[in-house]
Each structure stands twice: as structure tokens, then as C-alpha cells.
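# Residue-level structural notes
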Amino acid sequence: MTQLTMEQINAYLDGALSDLERLRVETILARDPASAGLLTQYRTQIDALHRLYDPVLEEPVPEAMLELLRRRAARQG
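Before going into details, it helps to say that this report is about the structure given with it. As the structure is a prediction and not an experimental result, all values here were calculated from the model.

## As for the nonpolar core
Within the largest apolar cluster, seven residues are counted, these being L4, I9, Y12, V25, I28, L29 and L39. Put simply, the parts of the chain that give this core at least two residues each are α1 (6–14) and α2 (19–31). Setting aside residues up to four positions removed in sequence, Y12 forms contacts with L17, R22, V25, E26, L29, L39 and R43.

Here it is as C-alpha cells:
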């Protein structure tokens, strides 16, 4: 039985597979408990990372950082 590679699992989770490749991966997942378990572990890890770090995306950019960026843009511009 064919097991999925980490590359295939990552591409599947990222939505980076063609329709044909996605169907192939889903067929393997349906037949191979080890690959399905690995996918579940990855998905759980990704969800945990999103819960942990996504709130940072809502934080305002610190003024000191904005000032550094303004100075850099002025020097380059």
C-alpha cells in the first residue's frame, strides 16, 4: 500500500494540488490509516499554531517600527 510523503501531505493541506493529485491523495487517505493519522496530526498542529499566532495579525504595528520604515523609505526614495 502506498503511503503519502510529507510533501504530498503539506501540499494537500495547503490546497496546492491539482484536482487529479488531490483525488489521488484522498484515495490513499481513505485506504491508509497511517497516512490519514499523519494528516490529522499535521492539521491539529496547524490549527494550534493558528490559535497561538493569528491574534498577532490583529495587533497594531509598533510606532518605533513604523518610524524605522519611514526613515528607510526616505533614504531610498
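The rest of the description comes next.
## As for α1
Turning to α1, its buried residues are I9, A11 and Y12. Down the axis of α1, the buried set is contained in an arc of 165°. They therefore lie on one face. Turned more than 90 degrees away from the buried face of α1 sit E7 and D14, all of them exposed. At the C-terminal side of α1, G15 shows a positive phi close to 70°.

## Describing the packing of α2 against helix α3 (residues 33–53)
For any two helices packed against each other, the geometry comes down to the angle between their axes and how far apart the axes lie. Interaxial distance between α2 and α3 falls to 5 Å at its minimum, and their mutual angle equals 110°. In terms of their interaxial angle, α2 and α3 are classed as roughly perpendicular. Taken together, the residues of α3 that come into contact with α2 (itself represented by I28, L29 and R31) are P33, S35, A36 and L39. Tallied by class, the residues present in the contact of α2 with α3 amount to five nonpolar, one polar and one charged.

Basis of the calculations
Residues numbered from 1 in each chain as written. Predicted model: local features only at pLDDT ≥ 70, side-chain atom pairs only at ≥ 80, totals over all residues. Heavy atoms only, no water. Core = buried A, V, L, I, M, F, W, Y, C linked by side-chain atoms within 4.5 Å. Buried < 20%, exposed > 50% of the residue type's maximum accessible area, 1.4 Å probe, protein only. Helix = DSSP H or I, 4+ residues; strand = E, 2+ residues; numbered from the N terminus. Contact = heavy atoms within 4.5 Å. Arc of directions from axis to C-beta. Axes fitted to C-alpha atoms, helices over the stretch in contact; angles between N-to-C directions. Parallel < 35°, antiparallel > 145°, perpendicular 65-115°, else oblique. Nonpolar A, V, L, I, M, F, W, Y, C, P; charged D, E, K, R; others polar.

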